[in-house]
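# Results of the structural survey
Here is what each chain is made of, one letter per residue.
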Amino acid sequence: MPAPDITSDFLHILFLIAIAAEAMTAALAAGRREMDWLGVCLLGCITALGGGSVRDVLLDHHPLSWIAHPYYLLITGGAALITIAIARFAHSLRHLFLFLDAVGLVVFTIIGVDIALGLSLPWGVAIVSGMITGCVGGVLRDVLCNEIPLLFRAELYATVSIVSAALYLGGLALAWNHNLVVAGSLLIGLSLRLLALRFGWSMPKFVYTRDLH
């Protein structure tokens, strides 16, 4: 008897936890920009759900996730507003937020890859779909906060998404047990992101300071 596929429910639970955590980190960013409560709520929703929304628009995948499941807005908006009440404790929880952000990056990536595969799109598109799902929400947050996106200036982020997507696709191509493929991709992707945070690993930077005039 084949092993039951338990990963859909597991990924969905991790997804819900991750979008709440993303909304809370976005709320803190909004607080640093002195936004009003509506701005905090909107930024939380955009950050948590923006990557999936951009992916769905680009892939013509409808309805968008938060339209199909409106309670996603309640989770993300509610998490953002709760952050206002617990902001004084946020610094002591920073390691938890970083961990959940790393979990969200890998989970969003795998979900994005699955969406593309469900549309019978090529592997290259599936990897990009995963990266967009995992990374673009944070880019939108930083752009709206008038900051250089974290994606372009910090430890390995998009690279972790690409590696996670490639591992997931490779496991599927080899017809390995789906539960093991998901678990392995999550574990390796999460470990890579946490190690990058711990040791400051990053891609080589391009620095050009000469004026062309």
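Residues numbered from 1 in each chain as written. Predicted model: local features only at pLDDT ≥ 70, side-chain atom pairs only at ≥ 80, totals over all residues. Heavy atoms only, no water.

## Examining the pattern of salt bridges
Heads up, the rule is: Counted as salt bridges are all cases of a side-chain nitrogen of Lys or Arg within 4 Å of a carboxyl oxygen of Asp or Glu. The classification of residues rests on relative accessible area computed with a 1.4 Å probe and restricted to protein chains. Under 20% of the type maximum is buried, over 50% is exposed, and intermediate values are partly exposed.
Scanning all chains against the criterion turns up three salt bridges. For aspartate 56, the salt bridge goes to arginine 55, with nearest N and O atoms at 2.9 Å. Taking the relative accessible area as the measure of exposure, aspartate 56 reaches 0% and is therefore buried.

## Topic: the packing of helix α5 (residues 94-118) against helix α8 (residues 178-199)
Between two packed helices, what matters for the description is the angle formed by their axes and the separation of those axes. The test is simple: Axes, fitted as lines to C-alpha atoms, cover a helix only where it is in contact. Angles between the N-to-C directions of the axes lie from 0 to 180 degrees. Only DSSP runs of H or I with at least four residues qualify as helices, and only runs of E with at least two residues qualify as strands; both kinds are numbered from the N terminus onward. Note on terminology: angles under 35 degrees are roughly parallel, angles over 145 are roughly antiparallel, angles of 65 to 115 are roughly perpendicular, and the others are oblique. Handedness of a helix crossing follows the sense of rotation of the near helix relative to the far helix, less than a right angle counterclockwise being left-handed and clockwise being right-handed. Here a residue-residue contact requires only that any non-hydrogen atoms of the pair lie within 4.5 Å.
Contact geometry for α5 and α8: axes closest at 9 Å, N-to-C directions at 140°. Taken together, the axes of α5 and α8 lie oblique to each other. Both α5 and α8 take part in a crossing whose hand is right-handed. Each of Leu98, Phe99, Asp101, Ala102, Val103, Leu105, Val106, Val107 and Ile110 in α5 lies in contact with α8, whose residues at this interface are Val182, Ser185, Leu186, Gly189, Leu190, Arg193, Leu194 and Leu197.

## A closer look at the environment of aspartate 60
Note that aspartate 60 resides in the loop between α2 (37-59) and α3 (65-68). Residue aspartate 60 is classed as exposed on the basis of its relative accessible area of 58%. Along the primary structure aspartate 60 and serine 129 are separated by 69 residues, whereas in three dimensions their C-alpha atoms are 12 Å apart.

## As for the confidence of the model for the chain
Formally: The predictor attaches a confidence to each residue, and that confidence, scored 0 to 100, is pLDDT.
Per-residue pLDDT for the chain averages 92, and the proportion of residues at 70 or more is 96%. Averaged pLDDT values for the elements of the chain fall to 93 in helix α1 (residues 7-32) and rise to 97 in α2.

## Focus: α5
Inclusion rule: What a helix is expected to span follows from its residue count: subtract one and scale by 1.5 Å.
Across its 25 residues, α5 extends 36 Å between first and last C-alpha, which sits within 8% of the 36 Å expected from 1.5 Å per residue. Where α5 ends, the next residue or the one after it, serine 120, has phi of about 60°, a positive value.

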